[in-house]
Amino acid sequence: ENDRKFSFYEVDLNDDHKNEYFISLEGRYFCGSGGCSFYLLNNDFSINTYFTVTSAPFFISSQKTNGWHDLILKGDYDQDGVLKNFTHLKYNIGKRNYPSNPSLIKKTDIAPSSKDFILWDENFSKAKVFTFYSNLKQ
């Protein structure tokens, strides 16, 4: 039970003056070799996007697609541990969400800018981590 943790951020991704909620699920239950699970909830707490195989940090770009801020993730590293590229997630107006599996998105060399807001970066924006317990006995 102590291994199941979460943290969250409130951020207005579509500039409607209502916050959406990013939730990071942490621990062996939610993470694997490809990354962890994240949720993006709309301002009414309905699910916007369930991200799989994803690793923090998220950069909230000043650039927008379909009225929503683009999300930028770090991409691949070379054999020396140097970051090679980035993944840009753009809002799909037809599906009303972001791509759920960033590993399937084409990588780019366009890095986040200094104007972009960072979520879950240990150096810039530490999130408070919560542990949730279950009263269910197995």
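Residues numbered from 1 in each chain as written. Predicted model: local features only at pLDDT ≥ 70, side-chain atom pairs only at ≥ 80, totals over all residues. Heavy atoms only, no water.

**Q** An account of the pattern of salt bridges is needed here, citing residue identities and associated values.
**A** Per the counting criterion, the structure on display carries 2 salt bridges. Two residues, Lys 64 and Asp 15, come together in a salt bridge whose shortest N-O distance is 2.5 Å. Linking Lys 64 in strand E6 (residues 58-65) with Asp 15 in the loop between strand E1 (5-11) and strand E2 (20-26), this pair joins segments that are 49 residues apart in sequence. Given a relative accessible area of 38%, Asp 15 falls into the partly exposed group. Residue Lys 90 is joined to Asp 70 by a salt bridge in which the shortest nitrogen-to-oxygen separation is 2.9 Å. With Lys 90 in the loop between strand E8 (86-89) and strand E9 (107-108) and Asp 70 in strand E7 (residues 68-74), this pair connects stretches of sequence that are 20 residues apart. (Salt bridge = Lys/Arg side-chain N within 4 Å of Asp/Glu carboxyl O. Helix = DSSP H or I, 4+ residues; strand = E, 2+ residues; numbered from the N terminus. Buried < 20%, exposed > 50% of the residue type's maximum accessible area, 1.4 Å probe, protein only.)

**Q** So, the pairing of E1: which residues are in play, and what are the values?
**A** As paired strands, E1 and E2 are joined by 7 bridges and run antiparallel to one another. What sits directly across from Glu 10, in E2, is Tyr 21. With 2 bridges connecting them, E1 and strand E11 (residues 130-131) associate as antiparallel partners. Across the sheet, residue Phe 6 finds its bridge partner in E11, namely Phe 130. (Pairing = 2+ DSSP bridges.)

**Q** Go over the nonpolar core with me, naming the residues and quoting the values.
**A** Most often, soluble globular proteins keep nonpolar side chains buried together rather than apart. One finds Leu 13, Phe 22, Phe 51, Phe 58, Leu 71 and Tyr 98 to be the most contacted residues of the largest nonpolar core, which totals 17 residues. The set of elements that each furnish at least two residues to this core consists of E1, strand E4 (35-41), E6 and E7. With 3 residues, the top contributor of residues to this core is E7. Ranked by size, the runner-up nonpolar core spans 5 residues in total, among them Tyr 21, Ile 23, Leu 25 and Phe 30. (Core = buried A, V, L, I, M, F, W, Y, C linked by side-chain atoms within 4.5 Å.)

**Q** So what's going on with the sheet that holds E8? Residues and values would help.
**A** Spatially, E9-E8-E7-E6-E10 is the arrangement adopted by the 5 strands of the open sheet, whose pairing is antiparallel. Of all the strands in the sheet, the pair left with one neighbour each is E9 and strand E10 (117-119). Taken together, the 4 bridges between E7 and E8 define a ladder with antiparallel strand orientation. Residue pairing across strands places Leu 71 opposite Leu 89, the latter belonging to E8.

**Q** Which residues make up the state of the cysteines, and what are the values?
**A** Scanning all chains against the criterion turns up 1 disulfide. Through a disulfide, Cys 31 is tied to Cys 36; the S-S separation comes to 1.9 Å. Judged by the torsion about the S-S bond (110°), the Cys 31/Cys 36 disulfide is right-handed. Owing to a relative accessible area of 24%, Cys 31 belongs among the partly exposed residues under this scheme. (Disulfide = S-S within 2.5 Å.)

**Q** Let's hear about the layout of surface pockets: which residues, and what values?
**A** Empty pockets left among the atoms are what a rolling probe the size of a water molecule brings to light. Reported here for the largest pocket is a volume of approximately 260 Å³. Around the largest pocket, the lining comprises 15 residues; the ones closest to its centre are Gly 34, Val 53, Ser 55, Lys 74 and Gly 75. At the level of elements, strand E5 (47-54) and E7 are the ones that each hand at least two residues to the lining of the largest pocket. Per-class residue counts for the lining of the largest pocket are 6 nonpolar, 6 polar and 3 charged. (1 Å grid on protein atoms, 1.4 Å probe; cavity = no way out; pocket = protein on both sides within 12 Å on 5 of 7 lines; lining within 4 Å. Points joined across faces, edges and corners; volume = space filled by probe spheres on them. Nonpolar A, V, L, I, M, F, W, Y, C, P; charged D, E, K, R; others polar.)

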